[in-house]
Structures are given as structure tokens and as C-alpha cells.
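Fold and contact review
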Amino acid sequence: MRTAILPSYVRPLSPFWAVATRLFSYSALIGFGLLIGLIYALLPPQLVFIPASPVLILTILCLWALPDVDRVPESLLNRAMMLFVFANIVWPSYIALSLPGLPWINPQRLGLFVLLIAGLIKLSTSSAMRRDILASVKSVPVIFWSFWIFWLTTVITLPFSAEVMVSVKKWANNQVYWTFLFLLSAYLAQRSGFVTMLARLVVLGAILTALLSVFEFAQRSVFWGPWIPLWLIGDFEIFQTVMSDQARAGVNMYRARSTFTVSITFAEFLSMALPFAIHLAVQASSFWKRAFMVAATLLIVISAVFLTNARSGMNGCLIAAFGYALYAAFRRWREKRSDLLGASAFYMFPAAGVAFLILTFAWQRLYTLVLGSGQNSFSNDAREVQWASGIDKMLANPIGYGVGQSGPVVGFRLPDGSLTIDSYALSVLIEFGVVGLAAFTVLVLGSATLAMRMALASRDREQLLLAPIAIALLAFGVIKTVLSQMENIPLMFVMVGCICGLAYRRTRPGAPSD
């Protein structure tokens, strides 16, 4: 091969040395493969990425060396992203083909695999894509700086982990589910129609999972669970959690979880999807479409509030409903100053808020839904204990203990002995330190604030989707103070990326005028 590529730079070898060199090269390659296989067989599952590192490094070098030809179609990235987002909603993560030596294989991972390979190839072969991603993210300084500061804290805290290799593996996973999805969404959202299709798929996923929860609640069990063959159960521990009784202590009420692992995570997703359902109902072009979306909205609210029996679902729905109503009233009042309806609706919100607060304390059922009652005392007491322990640990090491270490560091255990932590804000504080928590908070709430400002200043139909994105991020941020599960975090990063893409579209020549 060297002779074929660089004939004038290669000195011919004698037949003996040519055969010996070739034999030595093949033997070294086989020996290296046997060594890697031995290491792979001896290491525990959480450390198998170590022997895979050389292959990964060689893959990155090959991608870096590819010429700038840009032959990967954007339509492939678009479809793979939609497949991943939709499958991540409607397909239970624990239903997966589990083969020895391989990760789980399910629809969302297949979509993510195609998205990752196609995205990396296009990123390495398209200078235009790299330029657009950088310009898109830099077009929103608050997102640009908060995201990369947060990312930097995830790297800096790795050496402080008590289980460095475990933290490195989780950090690598987060680069796919967080960083990669964020950057790719910032690129794809620059194209017309991407955010609209994403919003419709989120609402469709919410409708399907809410319908499943109705049947599930009626049968008081995850009715498809007994029909899953053993070879399609990816993780038996997660499967047992899904099939277990998740009722609150002292309350014999089933809590629907649909395709999610636990009911509170399902309620969180429905709270994030509700603003999009309301928006599509308001923007519907015909009576029948609007009627369908209104029915879908009611179904989502019923499932999120009552079937999950989660306070976070109730509070998320309140944020979605009141947030969108306030946005619509303010927008109408600002655009039509002479319209009494818009002004009346906007100025009555303080009085409506006070009235709702009074009603909450006067009506026991509403008080229980919003603030909880005695049945929630264990959760409230547990969070107080966790935060007290977490603050002490933070003061001992304000830099952070590394990704995946919040549970062992806080050390709170359930009666069955398992570690748990009930607030993602506390998880971020412990794992990534004070700076990491501040950056993540600014990333979520700053993105929501900026998205709402852009929505109020725009008349483009797709740009108006920034309003439900902002409300969804606000609901996400509030719920994350009482929920540490990470199932919906990839969707959050996709939404933040969409804000960057839509913001960049406004600055490009030929962008829709507002």
C-alpha cells in the first residue's frame, strides 16, 4: 500500500524482510485484538468502554480526516431526530433486545445511533454545518455561556468522583444525550418546519401515552408487562420498578406511569407537552381541528393531574395553563390597545392569582392536589433530610463530586435500602457544584425568558412556537426541584437547541419579517 501511495518515498525491501514485516504486522494486529478481547471479557460491564477507547479514538481520527464533501442529506438527520424524540416518548425504555456484550437495542437507540453516525459524518465533512452550529449557538449569548460553563463543570468535577470510571462512562453518555442533541437541534431548527414537526410529535406522543394511561389506570397495572418476553426485557430491575405498586404510603390509589418508568416522570412530560397542545388548539385553522386539540388537551390534563396522582403534574399543568393564558392576553393587549378583551384579560391576572390562592386554601381537594396533605409527608420529610445533608456535603466540596455521585454522597436510603435523591437541583449541586447549579439554572430559566421575549416580538407562525417552548422549560425547571429522574432531560436540551436555531433564523438574510 505504501508503494502504491508514495512510490518515490519508499525504499524497496528484500523479499525476506518484506515477508517478515508483513508477518510481524499481522501478528501484532491479532495480538492486539486478543488483548482487547481479554480485557473486555474480564472487566465489569460499567468499564467495557476502556477497551473500546482505541477504536473510538481511531474512529474520531478517521472522521476528522474526511474531506469537506457534505454528502449526508439533512433529511436523514431530520427524520432520525424525529424518530428518536417520538420513540423516546411512546416506547418504554425497558423493552429492548439485550444481547451479550452489546447495549440495549430498541427504537429510540436505533434512531439515536443513525442520528449520531450521520450527524458526526456530516459534522466532519461539512464546514457549512460547523459554521451554522457555531453561529446558531453564539446568536444567543445567555445560552452559549451558560451551556458551556455547565459543560465545563461536568468535566472539571470528574477527578473528584469516588468512582472515576463510572463517572466517565456517564459523562460520555451525557455528551450524546445532552451536548450532541443540543447542538444538532440548534442546527436543524434553522430549517423551516423542523420545530413545527417536533411540536406535533410531542403532542401526538402525549396523546398516545395519555390514552395508554387511561386503560392502565382502569386495570390498575401496566397491562402490557406480562406479555413482554424475557428476551425483550432490557433491565429486570427497571422492569420490576415499573411493575411494582407505586402508590403513596397509606393511600390505596393506583398511579399511572404509561410508557415511563415512574408516574412523576410521566406527569413531568405531560406538563411539558401541555403548552404545545394548547398552542396547537389556539392556532388550529378549522373548528374540527380545534375541537380535537381541545379534547386532547383535556385528556393530557386529566392524565397528568388525576391518573398519576402527582403534585408535580398538577403544578405543571397550572404553569402551562396560566402561563399560556397570560402570554395570549398580554400579546392581544399589546397588539390591540383599543381592544377591551385583551386589556381586561391581562389586568385581571393578579386578581385571578389571588382568587386561586384563596380557593386553594379554602378547598381541601384543591389544596391536596397543589400542595399535598398528610400522604405526602414522607416525601416532604425526605427532601428536607436530603437537602440538609446535601448542603453539608456542598460546603465540604463546593466544586462538586462528579456526575452520578449525588446519591452515594447524600446517602439517603429508602426503607428497602436503595439510594435515592428527590431533587435534580440537589443532584446538580452535589455533582457539579455551585457554579454548575447556577449555570444550569440560567440555562433553563434564561432560555425560557428569552424564548418568551422572542415569541412576543414575532408574527411568524413557527417563531410563535417559542411561547410553548418557554412555558415547557419553566414547568420543567419547577418540577426538577422535586424530581431527580433524567428521562425528560434530552427533550429539554432539544428545546433549548430549537431556541438557538429559531433565534439564528431571525438574524439571517431573508428571515421572516415580524
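Our structure's up above, just so we're on the same page.
Residues numbered from 1 in each chain as written. Predicted model: local features only at pLDDT ≥ 70, side-chain atom pairs only at ≥ 80, totals over all residues. Heavy atoms only, no water.

**So, the packing of helix α9 (residues 194–219) against helix α21 (residues 489–507)**
In contact at an axis separation of 11 Å, α9 and α21 are set at 155° when each is read in the N-to-C sense. On the basis of their axis angle, the class for α9 and α21 is roughly antiparallel. When you trace α9 past α21, the crossing you get is left-handed. Taking contact as the criterion, the partners of F194, V195, L198 and V202 in α9 are, on α21, L491, V494, C498 and L502. By residue class, the composition of the contact of α9 with α21 is eight nonpolar, no polar and no charged. (Axes fitted to C-alpha atoms, helices over the stretch in contact; angles between N-to-C directions. Helix = DSSP H or I, 4+ residues; strand = E, 2+ residues; numbered from the N terminus. Parallel < 35°, antiparallel > 145°, perpendicular 65-115°, else oblique. Left-handed = near helix turned anticlockwise from the far one by under 90°. Contact = heavy atoms within 4.5 Å. Nonpolar A, V, L, I, M, F, W, Y, C, P; charged D, E, K, R; others polar.)

**Focus: the side chain of K480**
As for its placement among the helices and strands, K480 is situated in the loop between α20 (466–479) and α21. Among residues more than four places away in sequence, those in contact with K480 are E268, S423, Y424, A425, Q485 and I489.

**What to know about the nonpolar core**
Among soluble globular proteins, nonpolar side chains are generally buried collectively. Core analysis: the biggest nonpolar cluster contains 100 residues, and M81, L115, L184, F269, L473, M492 and F493 have the highest contact counts within it. Considering each element in turn, this core owes the most residues, 13 residues, to helix α19 (residues 424–456). Sequence-distant contacts of M81, defined by excluding residues within four places in its chain, comprise L115, L181, L184, S185, L188, F194 and V494. Membership of the second largest hydrophobic core comes to eleven residues, among which are V222, I233, V242 and A256. (Core = buried A, V, L, I, M, F, W, Y, C linked by side-chain atoms within 4.5 Å. Buried < 20%, exposed > 50% of the residue type's maximum accessible area, 1.4 Å probe, protein only.)

**Focus on a nonpolar patch on the surface**
The grouping of L76, F113, V114, I117 and I121 at the surface amounts to a nonpolar patch, some 400 Å² of accessible area in total. Considering each element in turn, the nonpolar patch owes the most residues, four residues, to helix α5 (residues 107–125). Note on placement: I121 falls in helix α5. (Patch = residues over 30% accessible without salt bridge, like charges linked within 9 Å, V, L, I, M, F, W, Y side chains within 5 Å. Areas by Shrake-Rupley, 256 points an atom, 1.4 Å probe, with all protein chains shown as cover. Salt bridge = Lys/Arg side-chain N within 4 Å of Asp/Glu carboxyl O.)

**As for the packing of aromatic side chains**
Tallied over the full model, the rule gives 19 aromatic pairs. With a centroid separation of 5.2 Å and an interplanar angle of 90°, the aromatic rings of F144 and W145 are classed as edge-to-face. A relative accessible area of 17% means that F144 is categorised as buried. Note on W145: relative accessible area 55%, which makes it exposed. (Phe/Tyr/Trp six-rings, centres within 6.5 Å; stacked < 30°, edge-to-face > 60°.)

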